[in-house]
Amino acid sequence: MDINGDVEEFSRRIQVRFITKLKSPLKVPSSSIALPSNLTRMGLSALINNLLQAGNADWKPEPFDFLINGELVRMSLEEFLLAKGISAEKILEIEYIKAVAPRREEESSLHDDWVSAADGSNPEFIVTGCYDGLGRIWKAAGLCSHVLEGHSAAVTSVSIIKPKGVESSTAVSIATASKDRTLRLWKFDVEESFDHPKKIRAYKILTGHNASVQSVTAQPSGDMVCSGSWDCRIKLWQTNELDKGGDSVSIKKRKMDNEDEESQSQGEAVSTLVGHTQCVSSVVWPESESVYSASWDHSIRRWDVETGKDSLNMFCGKAINCLDIGGEGSSLIAAGGSDSIIRIWDPRKPGTLAPIFQFSSHTSWISACKWHKKSWFHLASASYDGKVMLWDLRTAWPLAVIDSHKDKVLCADWWRGDSVISGGVDSKLCISSAISV
Amino acid sequence: MKGRLKERESKLKTKEEKIVTEREVDVEEEDAHEIPSGSDYSDEDFDEDNGTLTESGSEQSEFSEDEEIDNTSDGDGSTDGDYSLQDHSGTVDDISQQDQNDDHSHQEPKESDEDHRGVEESDSSEDEVAPLNTVGDVPLEWYRDEEHIGYDISGKKIKKKERQDKLDSFLASADDSKNWRKIYDEYNDEEVELTKHETKLISRLLKGKAPHANFDPHAPYVDWFAWEDSKHPLSNAPEPKRRFIPSKWESKKINIDPESLKPKLPSRKDLKPYPTTCYLEYRGHKGAVLSISTEASGEWIASGSSDGTIRVWEVETGRCLRVWELGEAVQHVAWNPSSDLPILAVSAGQDVFLLNTGFGNEEEQKRIKELLHVEARTGPDDSNNTASIVSWAQDDKHEGVRIKHFKTVSSVEWHRKGDYFSTVMPSGESRAILIHQLSKKISQRIPFKLHGLPVSSAFHPTRSVFFVSTKKNVRVYDLVKQKSVKKLETGLREVSSIAIHPGGDNVIVGSREGKLCWFDMDLSSQPYRILKCHPKDITNVAFHRSYPLFASCSDDCTAYVFHGMVYSDLNQNPLIVPLEILRGHTSSNGRGVMDCKFHPRQPWLFTAGADSVIRLFCH
């Protein structure tokens, strides 16, 4: 490098070597460079782009993010080194990654009422729940393929039931929870496509809750779903059509009536987990043997599915609205609730119940927080302040703030690994895509 | 000594001669009395032999001897008064002689005078030489056109001297190098020449120093009364008692650190959680929200507004779920406290509505529908007198029951079991407060005499005790024994609201003058604490069901949250700590926050504003 060894400069210079885990066209020479210490992330990003352009003439500039000792640089290099107490004498290794921020805002998908729930765990489609009592399947932005009709009150939560290995991959099951105190299970074929959204009816209605069902989640294997409700109970339900709770008549009827008028079987809970004293606002089922639940009674609990006992009971001082398990080893608990702070706990840490991370850039209640399925560091959150934020555990500042909603955001999720979907009071489902995690 | 005396004498002699010669000149021109003498000579004295003067200070006795010698002929004292007497006695003939004496006698006291001053700085006016002129302190311009400047002591006119004309005075000033020291004394009509000493004095005074150069204002303090081998104190008297008892005024002073008088209240941090921040707003009403009520589980909140609607909101999201249009300003809404009977009791105008909210499962709905079904009554054969008070009727429009009252109903309160409820009609006189039973659909007036205008009523949270607050007092009735149990004397001008602690033994009362009274009913019928916090009317007060919190809201657009801990130990008085002032509402038509209710399970407070917004303050 020609700047290397230049002695007569005014600002301090730092010896730097860039490293990356990115693939070959994004690699820069690994020789060390002397950089002015007042460079910020912008400057570093421009530098990397210049270096890449030097090697590849038709390179299109792209934002990068920089990691020093596993922390994202959010100030000038000099300040960062000072703050972290890193010596500027040695050659500094800076890892660069693609900046995590939405590059594209897709057309918003309009609903008839508030969008209360969204699930993007299947890359083929998005499921949304709406206050008009309908669930909707979206193949892409603005392209609604199915309408799930049947709930008599607002849908509060939706969950895609992972297809079982034996079944064909085109048939997908979905569970929805509603304020009408029921859960409904739906089945549809992904391959189908229509000009108009096809109305489908639930194949199974799960009744038993005494109050609004707030949250539903499916077991990873897809055999069961779990629900949390305002009646303080968590109930586990079988998803298969031929369960013993449903009466056989309806099954026969279904066979006779063929596809036209699908009969609905009623299902009852397999087991009930009792312990919460207030509304169970969120349930997550990351592994088949344990269910996590968050409640307005200020606690987060882990339940052993087999015994029905809570193996972890974390008091966290606030009414919790949303919960997700993920991150490092899929065991970090992220939760948000009746204040503007997202807290992350590590339940493996013995002895302490203090959150290991706290993100407080939101200004109102947190309505949703979701871990990225692949990354250990990335988190999306939605808040009543109308913003969706992307977080990286390696910095306390949000990576990106998505401001596409005009009112409260009620739900958010990752989709296809590179998009964030969010729905809110403005009846829109927004998709922010091309996020390079 | 002798030598010095001699010296002194000779000096005086020479002086006398000098004086005589001068005087003689003077006398030729003017009357002897007109001549001011003493000052001149003393001046001379200062001027010429300053040393002598200081010396003479210590030789006062000698001096008086001198005097004696000099004034043998007169044989009189040396004071001014004597001098003047002598002056009187003297004849005109021996003017010169007289003059001489005069001068001496004049000069000598003057000198001694100066001596005195040197020692003890006498300020006495007697030491000064009396001026010749006796006109006193009158404006001298009265004599401007006269030939005389005044009168001497014997009443003779003192003639004015001839004035030097300008030219002469100029020439004189040019000739005389001492002219700048001359000052014209208008009163005595003479020119006074300041001596060097005097000018020095003046210049020192102008500089703000002590007039005498050898006076040291900061002389080291000499303690004459203490010396090394002093065995005894100056005074052997015992220490007086007053030294060690507080004085009359000191004993009246209260010597207490004001900080220590503050009650030892726990820190607010230790009393968390309590509502602090407004995160949610419930918007939709078009008029002031007059009343709110939370559902037992805390999932829903109902609100009644002056725009004639009742709305039910989802607490979590702020979504308005249901609206009833009653067409008349809704005064009060109240959810049935039992969780399986989601019924709203609403007072609007002269009607009380019981509305089916539609929540609850099928069985509950079935029961509610049965409860809210009123058979059309055949009016005439109902001889019961309650029939004339109110009438129960089915209201199909709103899916509920309409209970028609004969006066405007201001509030509705449920009994804890959700079957009975009371209504208050402030202008209903003896039938102002009615108790209704939902299951039997009957109404009856309370069998107690009301003293004053009723404001609101409340059921005891555990026992069959009923609270009625009138404008001045709160009365507590036992519904089983049917008698008045207690009267709480608020001492307030106008009670606006009342809330009962969930334990049942403590009552808070809000008043229109902004005061909040806490009654501990076990303690006394007088307020245990009076909190004066709101500058305007308190509109409502509320207790939390489970947290030790209470709140008051007011027309000043704020709500105050307090920690109100009631201990089960009867010896321990309730602990009241102010926690937070919740702001955010805006004033509308002079009204602020109309109602406040705690969330039944969370430490959150809902406030209903006259600005048509409901706010939720969270911890």
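Residues numbered from 1 in each chain as written. Chains lettered and ligands numbered in written order. Predicted model: local features only at pLDDT ≥ 70, side-chain atom pairs only at ≥ 80, totals over all residues. Heavy atoms only, no water.

- Going by an unreviewed UniProt entry, chain B carries the name Ribosome biogenesis protein BOP1 homolog and comes from Actinidia chinensis var. chinensis.
- As its UniProt record puts it under Sequence similarities (unreviewed entry), chain B is described as follows: "Belongs to the WD repeat BOP1/ERB1 family."
- According to the UniProt record, the Function (unreviewed entry) comment for chain B is "Required for maturation of ribosomal RNAs and formation of the large ribosomal subunit." (UniProt positions renumbered as here; feature names shortened; annotations may be inferred.)

- Going by what an unreviewed UniProt entry lists, chain A is known as Ribosome biogenesis protein WDR12 homolog and is assigned to Actinidia chinensis var. chinensis.
- According to its UniProt record, chain A has this under Function (unreviewed entry): "Required for maturation of ribosomal RNAs and formation of the large ribosomal subunit."

### Considering the overall build of chain A
In step 1: For chain A, the helix and strand inventory stands at 3 helices and 36 strands.
In step 2: Counting all 437 residues of chain A, 57% fall into the buried class.
In step 3: If you take every contact in chain A between residues at least 6 apart in sequence, the share linking residues at least 24 apart comes to 52%.
In step 4: Carbon and sulfur atoms form 50% of the exposed surface of chain A, whose accessible area is close to 18,600 Å². (Helix = DSSP H or I, 4+ residues; strand = E, 2+ residues; numbered from the N terminus. Buried < 20%, exposed > 50% of the residue type's maximum accessible area, 1.4 Å probe, protein only. Contact = heavy atoms within 4.5 Å. Areas by Shrake-Rupley, 256 points an atom, 1.4 Å probe, with all protein chains shown as cover.)

### What to know about a nonpolar patch on the surface
Residues and elements named next belong to chain B.
In step 1: Judged by side-chain polarity, Tyr 221, Val 222, Trp 224, Phe 225 and Leu 234 come together as a nonpolar surface patch covering roughly 690 Å² of accessible area.
In step 2: As for its position among the elements, Tyr 221 is in the loop between helix 8 (196-206) and helix 9 (248-252).
In step 3: Overall, the relative accessible area of 68% leaves Tyr 221 in the exposed class. (Patch = residues over 30% accessible without salt bridge, like charges linked within 9 Å, V, L, I, M, F, W, Y side chains within 5 Å. Salt bridge = Lys/Arg side-chain N within 4 Å of Asp/Glu carboxyl O.)

### Points about the sheet that holds strand 27 (residues 538-543) of chain B
Residue and element names in this part refer to chain B.
In step 1: Here 4 strands make up an open sheet; going across it, the order is 27-28-29-30 and the pairing antiparallel. A single partner strand is all that each edge strand has here, and the edge strands are strand 27 and strand 30 (575-582). Across the sheet, the axes of successive neighbouring strands diverge by a mean angle of 20 degrees, strand direction being ignored.
In step 2: Direction of pairing for strand 28 (residues 549-554) relative to strand 29 (residues 559-565): antiparallel, over a ladder of 5 bridges. Residue Phe 550 lies in a different strand from strand 29, and its bridge partner there is Phe 562. (Pairing = 2+ DSSP bridges. Axes fitted to C-alpha atoms, helices over the stretch in contact; angles between N-to-C directions.)

### Quick look at the environment of Asp112(A)
All names here are of chain A.
In step 1: One can find Asp 112 in the loop between strand 7 (109-110) and strand 8 (115-119).
In step 2: Excluding anything up to four places from it in sequence, Asp 112 contacts Asp 132, Arg 136 and Ser 427.
In step 3: Within the local environment of Asp 112, its side chain forms a polar contact with the side chain of Arg 136, the two groups lying 3.2 Å apart. (Polar contact = N/O pair within 3.5 Å; in protein donor to acceptor, adjacent residues only side chain to side chain.)

### Looking at the interface of chain B and chain A
In step 1: Counting residues at the interface gives 25 residues for chain B, matched by 28 residues for chain A.
In step 2: Summed over both partners, the interface of chain B with chain A comes to about 2,200 Å²; 47% of that surface belongs to carbon and sulfur atoms.
In step 3: Sorting the residues of chain B by area buried against chain A places Tyr279(B), Glu316(B) and Arg319(B) first, and these three jointly supply 32% of that buried surface.
In step 4: Linking chain B to chain A there are 3 salt bridges. (Buried area = accessible area lost by both parts, 1.4 Å probe.)

### Describing the environment of Val73(A)
Residue and element names in this part refer to chain A.
In step 1: Within the secondary structure layout, Val 73 lies in the loop between strand 4 (71-72) and helix 2 (77-84).
In step 2: Residues Val 73 and Leu 44, 29 residues apart in the sequence, show an inter-C-alpha distance of 9.9 Å.
In step 3: Setting aside its immediate chain neighbours within four residues, Val 73 contacts Arg 41, Asp 65, Phe 66, Ile 68 and Phe 80.

### Focus on unusual backbone geometry
In step 1: Cis geometry marks the peptide bond from Lys272(B) to Pro273(B); its omega dihedral reads 0 degrees.
In step 2: Note that Pro273(B) resides in the loop between helix 10 (258-261) and strand 5 (277-283).
In step 3: Unlike most non-glycine residues, His298(A) shows phi in positive territory, near 70 degrees.
In step 4: Checked against the element boundaries, His298(A) lands in the loop between strand 23 (290-295) and strand 24 (299-304).
In step 5: Judged by relative accessible area, His298(A) falls into the buried class, the value being 5%.
In step 6: Positive phi is not limited to glycine here, since Lys441(B) has a value of about 55 degrees.
In step 7: Looking at Lys441(B), the relative accessible area reads 9%, which means it is buried.

### Digging into the UniProt feature "repeat: WD" (unreviewed entry) in chain A
Residues and elements named next belong to chain A.
In step 1: In the UniProt entry, the feature "repeat: WD" (unreviewed entry) is given for residues 148-196, 206-238, 273-313, 330-346 and 359-401.
In step 2: Taken end to end, residues 206-238 is 0% helix and 58% strand, and its two terminal C-alpha atoms sit 9 Å from one another.
In step 3: Helix makes up 0% of residues 330-346 and strand 59%, with an end-to-end C-alpha separation of 10 Å.

### Structural notes on the state of the cysteines
In step 1: Under the definition given, this model contains 0 disulfides over all chains.
In step 2: Cys369(A) provides the cysteine sulfur closest to Cys322(A), a residue in no disulfide bond, and the two sulfurs are 3.7 Å apart.
In step 3: For Cys322(A), a relative accessible area of 5% corresponds to the buried category.
In step 4: Of all cysteine sulfurs, the one in Cys553(B) lies closest to Cys596(B), which takes part in no disulfide; the gap is 3.6 Å. (Disulfide = S-S within 2.5 Å.)

### What about helix 2 of chain A?
Residues and elements named next belong to chain A.
In step 1: Along helix 2, the residues that are buried comprise Leu 77, Phe 80 and Leu 81. All buried residues of helix 2 lie within an arc of 95 degrees about the axis, which places them on one face of the element. Across from the buried face of helix 2, at angles greater than 90 degrees, the exposed residues are Leu 82 and Ala 83.
In step 2: Those residues of helix 2 hidden inside the fold are in contact with strand 1 (13-19), strand 2 (32-36), helix 1 (41-55), strand 3 (64-68), strand 4 and strand 5 (92-98).
In step 3: Among the residues trailing helix 2, Gly 85 stands out with phi positive, at a value near 70 degrees. (Arc of directions from axis to C-beta.)

### Some words on the confidence of the model for chain B
Residue and element names in this part refer to chain B.
In step 1: Per-residue confidence for chain B gives a mean pLDDT of 76; residues scoring 70 or more make up 77%.
In step 2: A low-confidence stretch, residues 12-120 stays under pLDDT 50, and its non-local contacts, those more than four residues away or across chains, total 132 contacts.
In step 3: The model gives residues 378-383 a pLDDT under 50, and that stretch makes 2 contacts with residues more than four places away or in other chains.
In step 4: The ipTM assigned to the predicted complex is 0.84, against a pTM of 0.70. (pLDDT = per-residue confidence, 0-100.)

### Concerning the pattern of salt bridges
All names here are of chain A.
In step 1: The final tally for this structure, using the stated rule, is 31 salt bridges over all chains.
In step 2: Measuring nitrogen to oxygen at the nearest pair gives 3.0 Å for the salt bridge that ties Arg 394 to Asp 392. Note on accessibility: Arg 394 and Asp 392 belong to one class, buried.
In step 3: Here the salt bridges do not stand alone but share partners, grouping Arg 41, Asp 65 and Arg 74 into one network.

### As for the confidence of the model for chain A
Residue and element names in this part refer to chain A.
In step 1: Of all residues in chain A, 90% attain a pLDDT of 70 or more, and the chain-wide mean is 81.
In step 2: Throughout residues 1-9 the model reports pLDDT below 50, and contacts reaching past four residues in sequence, or to other chains, amount to 8 contacts.
In step 3: Counting contacts from residues 243-262, a segment whose pLDDT is below 50, to residues more than four positions away or on other chains yields 16 contacts.

### Things to note about the pairing of strand 9 (residues 319-325) of chain B
Across a regular strand the side chains alternate sides, sitting on one face of the sheet and then on the other.
Residues and elements named next belong to chain B.
In step 1: As paired strands, strand 8 (residues 309-314) and strand 9 are joined by 6 bridges and run antiparallel to one another. Following the sheet pairing, Ile 310 is matched in strand 9 by Trp 324.
In step 2: Between strand 8 and strand 9, which pair antiparallel one after the other, the connecting turn spans 4 residues, and Gly 318 there sits at a positive phi close to 85 degrees.

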